[in-house]
Amino acid sequence: MDDNEQTASTTPMPRGVDSMFEYGYRKSSYGPDELVTDAHGNPINVADAMLQPSQASLAETSTPHLCFYSPRIPGNTGSAIRLCAITGTILHLVEPLGFNLKDTKLRRAGLDYHDMTHVVIHPNFTNLVESMPDSRIISFTAQARTLYTEVDYQPNDILLFGPEPGNIPDPMDIMSGDHIYKQVRFPMRPSLRSLNLANCAAIALYEAWRQMGFAGGE
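Predicted model only: the values in this text are computed from it and were never measured.

(A) View of the overall build of the protein. When helices and strands are counted, the protein shows seven helices and 10 strands. Partitioning the intrachain contacts of the protein with sequence separation of at least 6 by distance along the chain shows that 73% fall at a separation of at least 24. Total accessible area on the protein is roughly 11900 Å²; 48% of this is exposed by carbon and sulfur atoms.

Okay, structure coming up:
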């Protein structure tokens with residue numbers, strides 16, 4: 001063992017840290033008022049990896065894009081940021097948002113993945129459609145007849161989800177129309193209303209990624 005290896009193996013990790021990573025460390029849990037930071041103690045911000053809409057349209061991806069239209073619960077978007085970091089997905093958020101991007105709940109749900117996820121903010125839905133002209137938009141709505149597994153997904157697709165909570169009707173001018181390639185739904189037991197938004201995004205994204213052979217994953 002050389003001196004560098006010995007130093008790396010004997011360097012104590014910060015309290016509460018499970019594992020060391022190339023870019024820093026990740027803790028197993030955070031206190032209720034503790035900000036998520038990188039290895040140097042700097043707060044991690046969504047803006048660290050923000051993309052412009054024009055950049056997103058040119059990006060090469062191995063999974064479809066994920067889009068939340070007017071999300072209102074910061075924890076769901078934070079979870080989606082973490083999901084997109086894991087899968088290499090670009091996340092689009094269409095305003096108005098129901099929270100500030102510096103919201104503590106959003107940052108805590110995304111843990112220290114915020115600077116590893118490309119996020120695109122659109123001022124309105126028209127901006128999304130116009131900035132991604134080569135993308136098929138697939139909307140997930142309970143009004144659909146097609147199951148989400150009955151679609152052949154492509155890397156440049158946009159998986160579109162409406163606002164939460166589930167008792168708010170889908171904005172059908174957004175979730176349907178000529179700009180929508182296909183509407184799909186998740187099967188559910190009768191009389192039950194909806195799934196959590198972040199859970200829906202994970203189910204859909206992993207099905208699409210599975211169809212693409214989990215390209216880029218291991």
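Back to the write-up after that little detour.
(B) Geometry of the confidence of the model for the protein. Per-residue confidence for the protein averages 77 on the pLDDT scale, and 67% of its residues sit at or above 70. Put simply, strand S1 (residues 17-21) is where the protein has its lowest mean pLDDT, 37, and strand S8 (residues 146-147) is where it has its highest, 98. In the model, residues 1-40 has pLDDT below 50 throughout and makes 50 contacts with residues more than four positions away in sequence or in other chains. This model gives residues 109-114 a pLDDT under 50, and the stretch forms 28 contacts once residues within four places in sequence are excluded.

(C) Region of interest: unusual backbone geometry. Residue Pro96 is reached from Glu95 by a cis peptide bond, and omega for that bond is 10°. Tracing the backbone through its elements, the reader meets Pro96 in the loop between strand S5 (91-94) and helix H4 (104-109). Backbone geometry at Phe214 places phi at a positive 50°, although glycine is not the residue there. Within the fold, Phe214 resides in the segment after helix H7 (197-211). Taking the relative accessible area as the measure of exposure, Phe214 reaches 37% and is therefore partly exposed.

(D) Examining the side chain of Ser70 more closely. Here Ser70 lies in the loop between strand S4 (65-69) and helix H3 (74-87). Excluding anything up to four places from it in sequence, Ser70 contacts Val94, Pro96, Pro163 and Glu164.

(E) Geometry of the pattern of salt bridges. What the rule picks out here adds up to two salt bridges. Among the salt bridges present, the one from Arg136 reaches Asp157, with a minimum N-O distance of 2.8 Å. Here Asp157 lies in the loop between S8 and strand S9 (158-161) and Arg136 lies in the loop between helix H5 (125-131) and strand S7 (137-140), a separation of 21 residues in the sequence. By the burial criterion, Arg136 is buried, and Asp157 matches it.

(F) View of the pairing of S4. By the criterion of burial, S4 is predominantly enclosed, with five of the five residues buried. Neither face of S4 is exposed, since His65, Cys67 and Tyr69 on one face and Leu66 and Phe68 on the opposite face are all buried. In the sheet, S4 pairs with S9 via four bridges, with the strands oriented parallel. Residue His65 lies in a different strand from S9, and its bridge partner there is Ile158. The pairing of S4 with S5 spans four bridges and is parallel. In the strand pairing of S5, Cys67 is matched with His92. What joins S4 to S5 is H3, and the crossover it makes is right-handed.

Cut-off values and rules
Residues numbered from 1 in each chain as written. Predicted model: local features only at pLDDT ≥ 70, side-chain atom pairs only at ≥ 80, totals over all residues. Heavy atoms only, no water. Helix = DSSP H or I, 4+ residues; strand = E, 2+ residues; numbered from the N terminus. Contact = heavy atoms within 4.5 Å. Areas by Shrake-Rupley, 256 points an atom, 1.4 Å probe, with all protein chains shown as cover. pLDDT = per-residue confidence, 0-100. Buried < 20%, exposed > 50% of the residue type's maximum accessible area, 1.4 Å probe, protein only. Salt bridge = Lys/Arg side-chain N within 4 Å of Asp/Glu carboxyl O. Pairing = 2+ DSSP bridges. Right-handed = clockwise from strand over helix to strand, strands pointing away.

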